[in-house]
Amino acid sequence: MEVRSVEDLAKQLGANWPFIRSGRQNSRIEISRIQEACKALVMPDTSLVVFGSLSRGEFTDGSDIDWTLLVDGITIPQHLTVARQISDALAKLEAKPPGRTNTFGNMASSHTLIHCIGGEDDTNTNTTRRSLLLLEARPVGDDAAFNRVRNNILKRYLEEDLGLWRPSTIQKVPHFLLNDFARYWRTMAVDFADKQHDRFHEGFALRNIKLRLSRKLLYVSGLLACFRCQLDYPDDQERIDFFRRDNSVEVASYLLGLLDKTPLDMAAETLSRFAGKPESVVQLFNAYEDFLGVLSDQSKRKHLENLTPDQLESDPLYAEAREISHGFRDAVHSIFLNSDNPIGELTIRYGVF
């Protein structure tokens, strides 16, 4: 059977991942509630976009709602009013608000997202929004602005990647895009330490486990999307013929089709087809299922949120969560850091140096 989603993979393996399944169902329900509450608010040339566990299909009762009013057009004063109205509408749904970094829960302009890639004007907030628009975002309601912005972001990555279009370049991995995904992964890791410094380690345990699993999965899915350019076209000539500058519209459409998948679906489809390591694939998804099980338990989630640094070494639940993250890490290492499979070969060649 051809695997296109995590549900397909579960059927193929005879696996039962109830927390993955319920997360996807919960996400569908919550997105429907948000769409109903906000459908009359969103203006032309804007899209309401959600991120985080909701967009990834991993929503639990303790999840917050990370959202942005994405503006792709002339900025007008009414946009701020609409953003506030969206915030009020979500509050009436008793949705947990975004975190305190101000990355979400407000407006974002397409201008900086498209034009400020790298350089001094590419702030951490801009990098985060841009990367997540490609890796985990989902529009709620009108998606015209969302689709235009994502397409134009990807256009920038592709048009300025000169080696991708060179006929003499046989390996067709989009370096500019891959390098920015790698930079975002390292940014998340560095910002994690900075947040602990600013917040006196408040919420360290839960944030740490998320970094080890859901944040790492984001990077995994970004790597896989870039690697598919090589993996989906094993014949050298066919690959060279497809990745031509005069075929850039088709290439962008192909890549957006990959990036439209949730990280779990991207991992399920790509690892089942190309990793050649069924035991490691099962281990990876079993660990992620256990991780979502911890997040779905309100008492466990709250316990991890409230742990202080001096309690970490002796806390059984934190030890359990770390053990889950080690299973996920070992599965990732087995696939991505060994040259005995095509994904590992590509990681060693492009994902490290």
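Here, the structure is the one placed above.
Just so you know, these numbers come straight off a predicted model, no measurement behind them. By convention here, each chain's residues receive numbers from 1 onward along its written sequence. The model is predicted, so local features are restricted to residues of pLDDT at least 70 and side-chain atom pairs to those at 80 or more, both for listing and for counting; the totals for chains, interfaces and linings are taken over all residues. For the side-chain quantities, the full set of heavy atoms in the structure was used; hydrogens and water were omitted.

Caption draft 1: Geometry of helix H14 (residues 278-296). Taking 1.5 Å per residue, 19 residues should reach 27 Å; H14 reaches 27 Å between its end C-alpha atoms and fits that length. Taken together, the buried positions of H14 are occupied by Ser-280, Val-281, Leu-284, Phe-285, Ala-287, Tyr-288, Glu-289, Phe-291, Leu-292, Gly-293, Val-294 and Leu-295. Helix and strand assignments follow DSSP, with helices taken as H or I runs no shorter than four residues and strands as E runs no shorter than two, numbered in order from the N terminus. Any helix carries an expected span of 1.5 Å times its number of residues minus one. Between buried and exposed lies partly exposed: a residue is buried under 20% and exposed over 50% of the maximum accessible area for its type, with that area taken using a 1.4 Å probe on protein chains only.

Caption draft 2: Fine view of the sheet that holds strand S1 (residues 46-51). Note: two strands are recorded as paired if DSSP finds a minimum of 2 bridges between them. Strand order in the open sheet made by the 4 strands is S3-S2-S1-S4, with mixed pairing throughout. The open sheet has two edge strands with one neighbour each: strand S3 (106-109) and strand S4 (138-140). Here the average twist between neighbouring strands, direction ignored, is 40°. In this description, contact between two residues means that some pair of their heavy atoms is separated by no more than 4.5 Å. Between N-to-C directions, angles span 0 to 180 degrees; the directions come from axes that are lines fitted to C-alpha atoms, helices contributing only their stretch in contact. Sheet strands in contact with helix H4 (residues 78-92) are S1, strand S2 (66-71) and S3, and its direction is about 155° off that of S2.

Caption draft 3: Main features of the packing of aromatic side chains. By convention, a stacked pair of Phe, Tyr or Trp rings (six-membered ring in the case of Trp) has centres within 6.5 Å and planes under 30 degrees apart, an edge-to-face pair has planes over 60 apart, and any other such pair is tilted. All told, the structure shown has 12 aromatic pairs when counted by the stated rule. Considering the side-chain rings of Tyr-157 and Phe-176, the 5.0 Å spacing of their centres and the 70° angle between planes classify their relative orientation as edge-to-face. Highlighted residues: Tyr-157 in helix H7 (residues 144-159) and Phe-176 in helix H9 (residues 175-199), separated in sequence by 19 residues. By relative accessible area, Phe-176 is classed as partly exposed at 23%. Judged by centre distance (5.5 Å) and plane angle (50°), the rings of Phe-192 and Phe-204 are tilted. With Phe-192 in helix H9 and Phe-204 in helix H10 (residues 204-231), the pair connects residues that are 12 residues apart, well separated along the chain.

Caption draft 4: Up close: empty space enclosed by the protein. Two kinds of site are reported from a 1 Å grid over the protein atoms alone, namely cavities, where a 1.4 Å probe fits but cannot get out, and pockets, open sets with protein on both sides within 12 Å along at least five of seven lines, and residues are called lining when an atom falls within 4 Å of a point. Grid points are joined across faces, edges and corners, and a volume is the space filled by probe spheres set on the points. This structure, assessed with the given rule, holds 1 cavity of 30 Å³ or more. The calculated volume of the largest cavity comes to roughly 50 Å³. Residue assignment for the lining of the largest cavity shows that the elements contributing at least two residues are helix H6 (124-135), H10, helix H12 (248-259) and helix H13 (263-274). Throughout this entry, Asp, Glu, Lys and Arg are counted as charged residues, while Ala, Val, Leu, Ile, Met, Phe, Trp, Tyr, Cys and Pro are counted as nonpolar. The remaining residues, Gly among them, count as polar. Its residues assigned to classes, the lining of the largest cavity shows 7 nonpolar, 2 polar and 1 charged.

Caption draft 5: Examining a nonpolar patch on the surface more closely. Here the term patch refers to residues with relative accessible area over 30% and no salt bridge, with like charges joined within 9 Å and nonpolar side chains (Val, Leu, Ile, Met, Phe, Trp, Tyr) within 5 Å. Throughout, the Shrake-Rupley method with a 1.4 Å probe supplies accessible areas, and for residues the shown protein chains are the sole cover considered. Here, a salt bridge means any Lys or Arg side-chain nitrogen found within 4 Å of an Asp or Glu carboxyl oxygen. A surface patch of nonpolar side chains, amounting to about 390 Å² of accessible area, comprises Leu-337, Val-352 and Phe-353. If you trace the backbone, Val-352 turns up in the segment after helix H17 (342-351). Owing to a relative accessible area of 49%, Val-352 belongs among the partly exposed residues under this scheme.

Without other data, these values stay purely geometric and don't point to any function.
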